[in-house]
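Given next are the chains, with one letter for each unit.
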Amino acid sequence: MNALIAKIVRKAVSALYILSMILCPIVILVIPLYIIPHFLRAPVTRQYTQCLANLKNIGTALEMYAHDNQGHYPPRLSHISPKYMESIPVCTAVKKDTYSNSYQVSSDAETFTVYCEGHHHSGAGIEPNCPQYDSIHGLTYNRTSYKE
Ligand SMILES: [Zn+2]
């Protein structure tokens with residue numbers, strides 16, 4: 001009887017050993033598949049978050065400019081610097097000013113749109129020429145994130 005139990009225990013231990021030899025490599029290979037993309041995406045997400053902050057600051061500076069100029073926005077983005085903003089910020093994704101060329105003001109100077117020109121945040125799943133800040137909607141992340 002003891003020999004039978006010992007044989008069953010040995011087979012069970014052997015089966016567990018074989019099972020662990022199969023599962024361990026699978027776990028070791030599968031876990032990085034979930035973790036590595038997170039680490040690869042983190043800098044891209046950080047750059048996008050910084051770009052959002054840049055646009056928010058530009059929008060605030062433009063509102064201050066309009067407040068001091070009878071509700072009219074400047075003809076060029078460079079007019080807010082240095083009085084309302086120390087300098088025009090750079091998008092950290094490309095380390096250059098991607099905002100000045102995209103700045104558009106209406107003919108009556110009462111509305112504006114500015115965005116990060118290009119497709120520098122596609123790694124974060126963002127459409128080209130986004131994020132965007134305009135005097136009507138404020139900050140928008142993707143053009144599809146609001147409905148007209
Ligand atoms: Zn940007």
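Notes on the structure in this doc start here. From a predicted model like this one, the values you see are computed outputs, not experimental measurements.

Let's talk about the environment of Thr-140
- Of note, Thr-140 is situated in strand 4 (residues 138–140).
- A tally of 18 C-beta atoms within 10 Å means that Thr-140 is categorised as partly exposed.
- Taking the C-alpha atoms as reference, Thr-140 lies 14 Å from Phe-112; in sequence the two are 28 residues apart.

Some remarks on the nonpolar core
- The biggest cluster of nonpolar side chains holds 21 residues, and the ones touching the most others in it are Cys-51, Leu-55, Ile-58, Leu-62, Tyr-99, Val-114 and Cys-116.
- Among the elements that line this core, the one with the most residues is helix 1 (residues 2–68), at 7 residues.
- Setting aside anything within four residues of it in sequence, one finds Leu-62 in contact with Tyr-73, Ile-80 and Phe-112.

Notes on the sheet that holds strand 3 (residues 132–134)
- With antiparallel pairing, the 4 strands of this open sheet are ordered in space as 1-2-3-4. The open sheet terminates on both sides in strands that have one partner only, identified here as strand 1 (104–105) and strand 4.
- Pairing analysis gives 3 bridges linking strand 3 to strand 4, with the strands arranged antiparallel. In the strand pairing of strand 4, Gln-132 is matched with Thr-140.

Considerations on the pairing of strand 2 (residues 112–115)
- Inspection of the sheet shows strand 1 paired to strand 2 by 2 bridges, in the antiparallel sense. Bridging across to strand 2, Val-105 finds its partner in Phe-112.
- In textbook terms, the turn of a hairpin is the stretch between consecutive antiparallel strands, and for strand 1 and strand 2 this stretch comprises 6 residues, one of which, Ala-109, has a positive phi near 60 degrees.
- Both strand 2 and strand 3 contribute to a ladder of 3 bridges, which runs antiparallel. Across the sheet, Val-114 pairs through a bridge with Tyr-133, a residue of strand 3.

What counts, and where the lines are drawn
- Residues numbered from 1 in each chain as written.
- Predicted model: local features only at pLDDT ≥ 70, side-chain atom pairs only at ≥ 80, totals over all residues.
- Helix = DSSP H or I, 4+ residues; strand = E, 2+ residues; numbered from the N terminus.
- Buried ≥ 20, exposed ≤ 12 C-beta atoms within 10 Å, placed from the backbone.
- Core = buried A, V, L, I, M, F, W, Y, C linked by C-beta atoms within 7 Å.
- Contact = placed C-beta atoms within 7 Å.
- Pairing = 2+ DSSP bridges.

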